[in-house]
Amino acid sequence: MVDFNRKFDVLVIGGGNAALCAAISARRSGASVLVLEGAPKFYRGGNTRHTRNMRCAHDAATEILTGPYTEEEFWQDLLLVTGGQTDEELARFMIHESKDILNWVVEQGVRWQPSLGGTLSLGRTNSFFLGGGRAMLNALYLTAEKLGVEIVYDAEVTGLQIEDGMFLGATLKQPIDGATEIRASALVAAAGGFEANIEWLKQYWGDAADNFLIRGTPYNRGSILKMLLDNGVQDIGDPTQCHAVAIDARAPKFDGGIITRHDSVVFGIVVNKHAQRFYDEGEDIWPKRYAIWGRLVAAQPDQIAYIIFDSSVVTSFMPTLFPPIGAPTVAELAAKLELDPAALEKTVADFNAAVQPGTFDHTILDDCRTEGLAPAKTHWARKIDAPPYLAYPVRPGITFTYLGTRVNKQSRMVMKDGKPSANMFAAGEIMAGNVLGKGYAAGIGMTIGSVFGRVAGREAARNARN
Ligand SMILES: Cc1cc2nc3c(=O)[nH]c(=O)nc-3n(C[C@H](O)[C@H](O)[C@H](O)COP(=O)(O)OP(=O)(O)OC[C@H]3O[C@@H](n4cnc5c(N)ncnc54)[C@H](O)[C@@H]3O)c2cc1C
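What counts as what
Residues numbered from 1 in each chain as written. Predicted model: local features only at pLDDT ≥ 70, side-chain atom pairs only at ≥ 80, totals over all residues. Heavy atoms only, no water. Near = heavy atom within 4 Å. Polar contact = N/O pair within 3.5 Å; in protein donor to acceptor, adjacent residues only side chain to side chain. Areas by Shrake-Rupley, 256 points an atom, 1.4 Å probe, with all protein chains shown as cover. Helix = DSSP H or I, 4+ residues; strand = E, 2+ residues; numbered from the N terminus. Core = buried A, V, L, I, M, F, W, Y, C linked by side-chain atoms within 4.5 Å. Buried < 20%, exposed > 50% of the residue type's maximum accessible area, 1.4 Å probe, protein only. Contact = heavy atoms within 4.5 Å. Pairing = 2+ DSSP bridges. Phe/Tyr/Trp six-rings, centres within 6.5 Å; stacked < 30°, edge-to-face > 60°. Axes fitted to C-alpha atoms, helices over the stretch in contact; angles between N-to-C directions. Parallel < 35°, antiparallel > 145°, perpendicular 65-115°, else oblique. Left-handed = near helix turned anticlockwise from the far one by under 90°. Salt bridge = Lys/Arg side-chain N within 4 Å of Asp/Glu carboxyl O. Arc of directions from axis to C-beta.

Caption draft 1: Broad picture of the site of the ligand. Close to the ligand lie 41 residues, the nearest being Glu37, Thr48, Asn53, Asn220 and Met446. Interatomic distance of 3.3 Å between a backbone N/O atom of Gly45 and an oxygen atom of the ligand. If the ligand stood free it would expose 1,000 Å²; the protein chains cover 97% of that surface. Secondary-structure elements contributing two or more residues to the shell around the ligand are α1 (17-28), α6 (223-230), β16 (389-401) and α11 (444-465). The biggest single contributor to the shell around the ligand is α11, with three residues.

Caption draft 2: Looking closely at the nonpolar core. Leu11, Leu160, Ile224, Leu228 and Phe452 are the most contacted members of the largest nonpolar core, which has 143 residues in total. Aside from chain neighbours lying at most four places away, what touches Leu228 is Leu160, Ile162, Leu187, Ala189, Val233, Thr405, Met413, Met424 and Ile430. In terms of nonpolar packing, the next biggest core, distinct from the first, is built from 23 residues, Val271, Ala275, Leu337 and Tyr389 among them.

Caption draft 3: Spatial organisation of the pairing of strand β19 (residues 420-426). With respect to burial, β19 is a largely interior element, five of its seven residues being buried. Across three bridges, the pairing between strand β9 (residues 179-189) and β19 is parallel. In the strand pairing of β19, Leu187 is matched with Met424. As consecutive antiparallel partners, strand β18 (residues 412-414) and β19 are separated by five residues, and within that stretch Gly418 has a phi angle of approximately 90 degrees, a positive value.

Caption draft 4: Structural view of the side chain of Asn463. Note that Asn463 resides in helix α11. Residue classification places Asn463 among the buried residues on the basis of a relative accessible area of 18%. A polar side-chain atom of Asn463 sits 2.8 Å from a polar atom in the side chain of Arg412. Once residues lying within four places of it in the same chain are set aside, the contact partners of Asn463 are Arg412, Ala422, Asn423 and Phe425.

Caption draft 5: Representation of the packing of aromatic side chains in the model. Scanning all chains against the criterion turns up 18 aromatic pairs. Here the aromatic rings of Phe93 and Phe452 are separated by 6.2 Å at their centres, their planes lie at 50 degrees, and the arrangement is tilted. You can see Phe93 sitting in helix α3 (residues 88-107) and its partner Phe452 sitting in helix α11, a full 359 residues away along the chain. Using a relative accessible area of 0% as the deciding quantity, one classes Phe452 as buried. Where Trp286 meets Tyr290, the ring centres are 6.4 Å apart and the plane angle is 50 degrees; that geometry is what we call tilted. Among the aromatic residues, those joined into a cluster by ring pairs are Phe267, Phe309, Phe317, Phe360 and Tyr392.

Caption draft 6: Structural context of the environment of Val265. Relative to the helices and strands, Val265 is located in the loop between β12 (242-248) and β13 (269-272). Among the residues examined, Val265 registers a relative accessible area of 1% and is labelled buried. Excluding anything up to four places from it in sequence, Val265 contacts Val270, Glu281, Trp286, Trp293, Ile307 and Lys377.

Caption draft 7: Structural context of the packing of α3 against α11. In the contact formed by α3 and α11, the axes pass within 9 Å of each other and the chain directions differ by 85 degrees. Compared by their axis directions, α3 and α11 come out roughly perpendicular. Contact with α3, carried on its side by Leu90, Phe93, Met94, Glu97, Ser98, Asp100, Ile101, Trp104 and Val105, involves Ile444, Thr447, Ile448, Ser450, Val451, Phe452, Arg454 and Val455 of α11 and no other residues of that element.

Caption draft 8: Inspection of the packing of α1 against helix α4 (residues 132-147) at higher detail. Close contact between α1 and α4 brings their axes to 10 Å; oriented N to C, the two are set at 25 degrees. Compared by their axis directions, α1 and α4 come out roughly parallel. The handedness of the crossing between α1 and α4 comes out as left-handed. Only Met136, Leu137, Leu140, Tyr141, Thr143, Ala144 and Leu147 of α4 make contact with α1, whose side of the interface consists of Asn17, Leu20, Cys21, Ile24, Arg27 and Arg28.

Caption draft 9: Region of interest: the pattern of salt bridges. Counting across every chain of the model gives 23 salt bridges. A salt bridge links Asp230 to Lys226, with the nearest nitrogen and oxygen atoms 2.9 Å apart. Of this pair, Asp230 and Lys226 both sit in helix α6, four residues apart, which is roughly one turn of the helix. The class for Asp230 is exposed, based on a relative accessible area of 55%.

Caption draft 10: Summary view of the sheet that holds strand β3 (residues 53-55). The strand order across the open sheet built from three strands is β3-β5-β4, with neighbouring strands paired in antiparallel fashion. Where the open sheet ends on each side, the last strands, each with one partner, are β3 and β4 (112-113). Two strands pair when backbone bridges link them, and β3 and strand β5 (residues 126-129) are joined in this way by three bridges, in the antiparallel orientation. Considered in β5, the bridge of Met54 is made with Ser127.

Caption draft 11: Local environment of the environment of Gly232. Along the chain, Gly232 falls in the loop between α6 and β11 (235-236). Note on Gly232: relative accessible area 21%, which makes it partly exposed.

Caption draft 12: Quick look at helix α9 (residues 330-337). Within α9, the full set of buried residues consists of Val330, Leu333, Ala334 and Leu337. Projection of α9 onto a plane perpendicular to its axis shows the buried side chains occupying an angular sector of 100 degrees, all on one side. Residues of α9 that are buried in the fold lie against β14 (305-310), β15 (325-327), α10 (341-354) and β16. Once α9 finishes, Glu338 follows within two positions and takes phi at roughly 60 degrees, a positive value.

So yeah, pure geometry; function would need other evidence.
Spelled out as C-alpha cells, the structure:
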C-alpha cells in the first residue's frame, strides 16, 4: 500500500515509455518516486504499448542494426522531415544522447530483435523491441518495481497546484486509499498529447475531427498539458500538427494499433469519395511518406479515401487486420465501395494509360512513373490490370499531437516569461513539439520519450535533493 501522507521526491504522471524511463532514472539517482498512471493496469502504458521500434544514432553496425547511422545523418533526416521546424540545440542533444540510449534501455531489461523487412526499410536506423512495445513496457515496469518505484493505476490526475512556476501537489480524480492529494518535491509530466480528446481536436479541425480514428490509447486526453499551459508554462508547436497515418476505415475509434495501418499506398493509387486521385502516391520511399497520408485523407471530403490495387501486388506489403475488398472488375469494385463506377473506371484507365515502362524496385526511387497525369505518380507506377481488383477504405488515424510544453536541455519546463520552472520537467509526447515542429521519421517518438525521460528523471531527482 502506498503511503500518500508522505511527500515524494519525484512524482511522475503517466505510465508510458517516457514516464517509466523518468521513474527508473530518478530512482537510480536516489529519489523516492511515485508513478500515477491514469489507465487501469491492463491498459497501462498509453501509446507505448503499440510501438515496435526506436531510432537511435550509432557509429557502427550492432548485433541487430546493419550499419552506421551517424548523428549527422540522423540530424539531416530530422531536418528534412520537419522542414527545419525543430529546436536545433535540443534536437542535436537528443540525437547525441540517443547513442547511449541503445545500451541504457537494455540495462533496464529491454531486449532487441532483428528489424522487420518489407516496405519499412529500417534495418539500418531503427532497433526493434523483442516482443514489441508491450514487452518493452513490461520490462521497464518490472525494473521500476524492483528498484522500489511506487506505481498506482486508475490514478487519473485532474488537478495540479502550481505557484509561480513551482509544482506543489497533484489531485486525483478519485480517492485512492482515502487520499486525493499527492505532494512531491518535483514533477515529471509524461502524460502524452491530446490526441484522444476529440473536442480539443475539433477546435482546430472542425467537425472533420469526428471522422478521425485514434490509433492509440483513449487515456491521452491532454488534461495535464492543458493544466500546465493554463499555469504559465510556455507552449511549443502548432496545435494542428500531429502524426497521422492512413488506417483502415473499419478500425475501432481507439487503440486499433499498428495492425490497422496500411502500407500499400505505393503499390497502387489512392482515390477520394469522388473516385479522384489527389496526391502523388510515389513521392518518396514509404518510411519518409507514410506519416503524411493521415493529413491528406483528412483534407478529402468526408475524410475517407480508398487505396486501389490489383492481385499482382497483394504479397508485396505487410498484411493488415482487415482483408481487402475485392471484385472481378473495376466497376464492381466501385459498387462495393459505393463509388461512382464510371468515375473509378476512368481514373484507373487514365492512370494505366499514363504509366511509362520502367524497372520496378520499391526500395529505391525507381523509374516507374506516369507521364501527362495530374497529380503524377512519380515512382513505382505500374498498371492496375490484374483482376481481382482490390481496395482498402482508409481514414485519418491520429497517432499523437505535437502541441506541448517548452523544455530546455534538462527537460525542465520553460515558463511563459522565459524562466525555467523551479521543479517541473516534461518528457515524451507532451514535449515532442520541441523536436517535431511538423513531419515525422519512424521511431523518433520513442527516442524523444527515452532520452528526455531519462534526463527528466535524473534532473528531477537532483532538483528534489537540493
Ligand atoms: C499504433 C502506434 C504505433 C506506434 N509505433 C511507434 C514506433 O514503432 N516507434 C516510435 O518511436 N513511436 C511509435 N508510436 C508513437 C509512440 O507511441 C509515442 O511517441 C510514445 O509511446 C510516447 O510515449 P509517452 O510516454 O510520451 O506517451 P504514452 O506512452 O502515450 O503514455 C502516456 C501516459 O499518460 C497517461 N495519462 C494521460 N493523462 C493522464 C492523467 N491525467 N493522469 C495520469 N495519467 C495520465 C496515459 O494513461 C499513458 O499511460 C506509435 C504510436 C501508435 C499509436
